[in-house]
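Fold and contact review
What follows is each chain in one-letter form.
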Amino acid sequence: MSDLDHNLSLSETYLKRFKSAPTGHFINGEFVVPPGAELYTNVTPTDNSELGQVVAGTVGDVNLACDAAETAFTEWRDMPGAERKKILNHFADKVVERAEEIAIVESMDCGQPIRFMRQAAVRGAANFRFFADKAPEAVNGLALHQDEHTNYTMRTPIGPVGIITPWNTPFMLSTWKIAPALAAGCTIVHKPAELTPLTAMLLAEIANEAGLPKGVWNTVNGFGETAGKRLTEHRAIKAVALVGDSTTGKHIMHQGAETLKRIHLELGGKNPVIVFDDADFDRALDAVVFMIYSLNGQRCTSSSRLLIQSGIKDQFLAALEERVRALRVGHSLDPRTEIGPLVHTGHFDKVMSYMDIAKQDGARIAVGGNARSDLGAGNYVEPTLFCDAQNTMRIAQEEIFGPVLTAMSFETEEEAIHMANDTQYGLAGYIWTNDTSRAMRMAKYVEAGMLWVNSENNRNLPSPFGGIKMSGIGRDGGDFSFDFYMETKNVCIAHGTHRVPILGAVN
Ligand code: NAD
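Okay, so let's go over this structure.

Definitions and limits used
Residues numbered from 1 in each chain as written. Predicted model: local features only at pLDDT ≥ 70, side-chain atom pairs only at ≥ 80, totals over all residues. Heavy atoms only, no water. Buried < 20%, exposed > 50% of the residue type's maximum accessible area, 1.4 Å probe, protein only. Helix = DSSP H or I, 4+ residues; strand = E, 2+ residues; numbered from the N terminus. Pairing = 2+ DSSP bridges. Axes fitted to C-alpha atoms, helices over the stretch in contact; angles between N-to-C directions. Contact = heavy atoms within 4.5 Å. Salt bridge = Lys/Arg side-chain N within 4 Å of Asp/Glu carboxyl O.

**A closer look at the pairing of strand β6 (residues 149–157)**
Where burial is concerned, the two faces of β6 differ: the one with His149, Asn151, Thr153, Arg155 and Pro157 is buried and the one with Thr150, Tyr152, Met154 and Thr156 is not. Taken together, the 3 bridges between strand β5 (residues 143–145) and β6 define a ladder with antiparallel strand orientation. Its bridge partner lying in β6, Leu144 is registered against Asn151. In textbook terms, the turn of a hairpin is the stretch between consecutive antiparallel strands, and for β5 and β6 this stretch comprises 3 residues. Sheet topology note: the β6/strand β22 (residues 486–494) ladder contains 9 bridges and is antiparallel. Of the residues in β22, the one forming a bridge with Met154 is Lys489.

**Remarks on the sheet that holds strand β16 (residues 404–410)**
Across the sheet, 7 strands lie side by side as β14-β15-β16-β13-β12-β18-β19; this open sheet has mixed pairing. Edge strands, defined here as strands with exactly one partner in the open sheet, are β14 (364–367) and β19 (450–453). On average, adjacent strands in this sheet sit at an angle of 25° to one another, irrespective of strand direction. Pairing of β14 with strand β15 (residues 384–387), which is carried by 3 bridges, proceeds in the antiparallel orientation. Considered in β15, the bridge of Val367 is made with Leu385. Taken strand by strand, helix α15 (residues 436–445) contacts β12 (272–275), β18 (428–432) and β19, and its axis lies near 165° from that of β19.

**Points about the pattern of salt bridges**
Side chains that differ in sign of charge can pair as their charged atoms come close. Applying the stated rule across the entire model yields 30 salt bridges. Residue Arg17 is joined to Glu205 by a salt bridge in which the shortest nitrogen-to-oxygen separation is 2.3 Å. Taken together, the residues Arg17 in helix α1 (residues 3–20) and Glu205 in helix α7 (residues 198–209) connect sequence positions 188 residues apart. For Glu205, a relative accessible area of 16% puts it in the buried group. The salt bridge partner of Glu233 is Lys229, with a shortest N-O separation of 2.9 Å.

Any functional reading would require information beyond the geometric quantities listed.
Structure, rendered in structure tokens:
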């Protein structure tokens, strides 16, 4: 039996339950399919066959989940941090126990290759352990001394929060947002992406088994314009964390305005990777290939614009073309696959439309540009490299979110900075040079929330993660996450020595 066949037979086992009964919600500790609920069909991008029916959550369903999160809040907030730590670490253990199931279900639901999804559960568990261990100290603040007063600050959880996640790496991103919220003492209502609802239900199951009190974790499936919208408007929800498209971020700001929601937005990007003549050629090449063609290019931090200095341009692009041509496209459950099918036919059409846009704009398709219909009925595309592009072209300005790289050349450092910044986005940037001073200058002037020098995307959980400009508002990671999910309160205590001003004195 081939590795693919082995994984396919495992997937039959793991997906059976989703195929045999509708996937509903998890509200107040109960898995529910509301009577008469509207259902929609969830498909796998591997061949667009049905994976099962899913409940399209209504305003009423979201209301129930928000009410449950509100009722559960006091108990969870007041539970000692050490207790929350224990429960969340137990949660992480259970994620690891189900790692294979999570990886296979995720791969089939979103099309990401199994070679990357094997890490999803491990990363998800690590997210939980990291924040679990910080739960006891999340309340800690500052001591700020004055001559006759002592101030101290403490943090308290903001309340029930809404977590809205996308389809590109649904499991990992959900844990990344939910873990700090729970560790802080917030209760949550999670609205997963409608295209990839399955691993969110595995998470809810694990939450249930790990001993989270009823109502602390709620999951409502459904569409953004209904279930998601209601979540951002509900009075009980004090903050909303979105990972998604920049347009969705704008909607959420509008929708949350009436109830003055605190909002954290992790949005799109058109991230530059800037390779200078003096870069370590081989390492830069590996990183350039990895950061756009891994995860199907459906990655917010993907380096989708290559800026290559003129001195090494021809040599670098020739080596790059060779590597892109050799990338293995295939079924997401095949361990050899490097690029799987795109998440949905709608997204596939969007990515394919850029092949024509590139030609119309006058760029050259050096590699790829076509669908891989020979691989069956799934959403397979050839990894694609656009060369001879200009930064003003749509292929250099718009987030394509597929295995598609736009290459452009530059002469000077100043020109590279100008090109890197000439976009509405500002999520990430990658700089390859062996000149430390130049790296420092570039890190200062390239407009992005995160810059990696001589590295691909290396994640350090305590470090801030997030974007500027149309790539988002706010930061995740370590204490930055707690600042979002918690309120800071100042307490000022007099030493009893200062003069209290006297009004209305009667002498
Ligand atoms: P999307 O914005 O379409 O959907 C994200 C989530 O928002 C989904 O759950 C959706 O149902 C919900 N939603 C949509 N409209 C809504 C509304 N009006 N109110 C409330 N919720 C609503 O994004 P997507 O297509 O699922 O994901 C791809 C996008 O996510 C890309 O732009 C990508 O760059 C971005 N992303 C960003 C990061 C980051 O960290 N910056 C990480 C991953 C993905």
